[in-house]
Amino acid sequence: MSTTQKVALVTGITGQDGSYLAELLLEKGYMVHGVKRRASSFNTQRIDHIYQDQHEVHVNFKLHYGDLTDSTNIIRIIQEVQPDEIYNLGAMSHVMVSFDSPEYVANVDGLGTLRILEAVRLLGLTKKTRVYQASTSELYGGLAENKNAAGFYDENSPFYPRSPYGAAKIYGFWITKNYREAYNMFACNGILFNHESPRRGETFVTRKITMAVAAIAKGKQDCLYLGNLNSQRDWGHAKDYVEAMWRILQQDVPEDYVIATGVTTYIRDFVIMAFAEVGVTLTFEGEQENETATVAACSNPLYQIAIGTVVLRVDPEYYRPTEVDLLIGDPTKSKTQLGWKPQYDLAAMVKEMVASDLKLY
Ligand code: NDP
Ligand code: GDR
């Protein structure tokens, strides 16, 4: 290892973003350390391709067992690694599940952030270590009156979280800002809007849809059950978004940034786009709970999907106690200050996700 090599520590390295960020940092020549939870079965599928045998000569990638609920473990890892940059991506990240495990989510997503910041402070690393906190558009809660005059959420829009996840993340946001102001730390929030990829967890709506489209096209599944089709999300690609995380920590001054595309899409329209990838045109009938989507045409000779087949039904079980109806972010600050330029648009991402899931089947 050269003495100038930068050292990064990534929590949540086994997740969607952690895996893309680790690839990016390795490409940039970093020594990358990741925190991985002990699980009873393997949970490293997203990073197996970059894993390095620790007996090799030039090792740039190392995993440490850890958990954001365990301060002693966090302090020990940070002390051992002495990172230049910490990316705190670890979280219980599913909004619907957070209603089932609210205390756990407060501990991991809220207090977990404090544990990282406090470890940096206690270890005397406030001058050396920069911290990125994975904040979220869920902080805004989708309240129409809180959008700016142009109709977007930006860095100055008020917060109004609508789930235990959002409430826990708002603590993470403010404690990061507080450590920046109180201790002069280089600690920043990236307020990231939804971002997806073929590595997206299978129970988030986009991946659930693309996997179902592939399975239905291949005759492995009959019907997809979804909840609210009427919410709108500003969807980008995770690969683009991890580039923004890195840029946030390379600035001269620590600040918070919105990362978004500025375009919002109904869940229903994502479904239409995904089915179109296998040549299927849908018609929607009914309202809310009774809504279904039926195959109106299938132009792809590879897939034998019968016209008239119902391929989607709404199941109110998936409705959330409180919903975030609309998200749309203003990326002006990140584009101008960070020079961030996303490579993907939604159509390209849907294409990539469906193609990848077709391969899986
Ligand atoms: P994922 O759910 O794919 O990954 C979450 C990661 O956190 C996994 O590596 C998971 O480990 C780890 N983790 C969960 N609980 C703990 C714990 N107690 N201790 C340590 N690690 C833990 O999320 P994403 O990659 O999509 O998101 C990354 C971060 O960005 C999260 O903080 C998320 O809340 C936030 N975010 C995500 C957005 C998105 O659209 N993707 C948008 C805005 C913010 P394991 O693999 O063992 O489960
Ligand atoms: P979100 O993502 O809650 O925005 O949080 P998710 O994909 O779970 O939901 C998006 C919207 O789709 C609706 N929906 C369904 N959602 C799921 N998961 N499953 C369904 O069957 C379904 N049917 C409809 C939801 O009601 C919602 O309106 C994601 C996570 O990555 C967070 O960690 C991150 O902070 C935010 O994005 C920004």
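Predicted, not measured: the structure shown is a model, and the values here were computed from it.

Remarks on the site of ligand 2
If you check the shell around ligand 2, you find 21 residues, and the closest are Ser93, Thr136, Val205, Gly227 and Ser231. Taken together, the elements giving at least two residues each to the shell around ligand 2 come down to α3 (95–98) and α6 (205–217). In terms of residue class, the shell around ligand 2 is built from eight nonpolar, eight polar and five charged.

A short note on the site of ligand 1
The immediate surroundings of ligand 1 are formed by 27 residues, with Gly12, Gly15, Gly90, Ala91 and Ala134 found nearest. Broken down by secondary-structure element, the contributors of at least two residues to the shell around ligand 1 are α1 (16–27) and β5 (130–136). For the shell around ligand 1, the element with the highest residue contribution is α1, accounting for three residues. When the residues that make up the shell around ligand 1 are grouped by side-chain class, the tally is 10 nonpolar, 14 polar and three charged.

Describing α6
In a regular helix each residue adds 1.5 Å, so 13 residues correspond to 18 Å; α6 covers 18 Å between its end C-alpha atoms and thus fits that length. Burial of α6 is extensive: 11 of the 13 residues sit out of reach of the surface. Considered for burial, the residues of α6 that qualify are Val205, Thr206, Arg207, Ile209, Thr210, Met211, Ala212, Val213, Ala214, Ile216 and Ala217. Residues of α6 that are buried in the fold lie against β7 (195–196), β8 (224–226), α8 (267–276), β15 (310–314) and α10 (346–360).

Here we look at the nonpolar core
Counting 65 residues, the largest nonpolar core has Val10, Leu21, Tyr87, Val131, Met245 and Ile259 as the members making the most contacts within it. In this structure, Met245 is in contact with Leu21, Tyr87, Tyr132 and Gly190, ignoring residues within four places of it in sequence. Within the second largest apolar cluster, 26 residues are counted, among which are Val271, Ala293, Met353 and Val354.

Some points on the packing of helix α2 (residues 71–81) against helix α4 (residues 102–122)
To characterise two packed helices, one gives the angle between the axes of the helices and the distance between these axes. Here α2 crosses α4 at 50 degrees, and the two axes come no closer than 9 Å. In this view, α2 runs oblique relative to α4, as classed from their interaxial angle. Between α2 and α4 lies a crossing whose hand is right-handed. Listed contacts from α4 to Ser71, Ile74, Ile75 and Ile78 of α2 are Arg115, Ile116, Ala119, Val120 and Leu122.

Let's talk about the sheet that holds β8
Read from one edge to the other, the open sheet built from four strands follows the order β8-β15-β14-β13, with strand pairing classed as mixed. Strand pairing shows two members of the sheet lacking a second neighbour, β8 and β13 (280–285), which therefore form its edges. Here the average twist between neighbouring strands, direction ignored, is 25 degrees. As judged from the three bridges shared by strand β14 (residues 292–298) and β15, these two strands associate in the antiparallel manner. Note that in β15 the partner of Thr292 across the bridge is Arg313. Packed on one face of the sheet, α8 meets β13, β14 and β15 and runs near 150 degrees to β13.

Describing the UniProt feature "domain: NAD(P)-binding" (unreviewed entry) in the protein
Here, the residues flagged by UniProt with the feature "domain: NAD(P)-binding" (unreviewed entry) are residues 9–353. As annotated, residues 9–353 comprises 34% helix and 18% strand, and the C-alpha atoms at either end are separated by 28 Å.

Observations concerning the sheet that holds strand β3 (residues 61–65)
Within the open sheet, the seven strands sit side by side as β3-β2-β1-β4-β5-β6-β11. Their pairing is parallel. On the outer flanks of this sheet lie β3 and β11 (257–259), each paired with one strand and no other. In this sheet, adjacent strand axes meet at a mean angle of 20 degrees when their direction is disregarded. Pairing of strand β1 (residues 7–11) with strand β4 (residues 85–88), which is carried by four bridges, proceeds in the parallel orientation. Bridging across to β4, Thr11 finds its partner in Asn88. Packed on one face of the sheet, α4 meets β4, β5 and β6 (187–192) and runs near 170 degrees to β5. Packed onto the sheet, helix α7 (residues 238–249) meets β4, β5, β6 and β11 and runs at close to 155 degrees relative to β6.

About the cut-offs
Residues numbered from 1 in each chain as written. Chains lettered and ligands numbered in written order. Predicted model: local features only at pLDDT ≥ 70, side-chain atom pairs only at ≥ 80, totals over all residues. Near = placed C-beta within 6 Å. Helix = DSSP H or I, 4+ residues; strand = E, 2+ residues; numbered from the N terminus. Nonpolar A, V, L, I, M, F, W, Y, C, P; charged D, E, K, R; others polar. Expected span 1.5 Å × (residues − 1). Buried ≥ 20, exposed ≤ 12 C-beta atoms within 10 Å, placed from the backbone. Contact = placed C-beta atoms within 7 Å. Core = buried A, V, L, I, M, F, W, Y, C linked by C-beta atoms within 7 Å. Axes fitted to C-alpha atoms, helices over the stretch in contact; angles between N-to-C directions. Parallel < 35°, antiparallel > 145°, perpendicular 65-115°, else oblique. Left-handed = near helix turned anticlockwise from the far one by under 90°. Pairing = 2+ DSSP bridges. UniProt positions renumbered as here; feature names shortened; annotations may be inferred.

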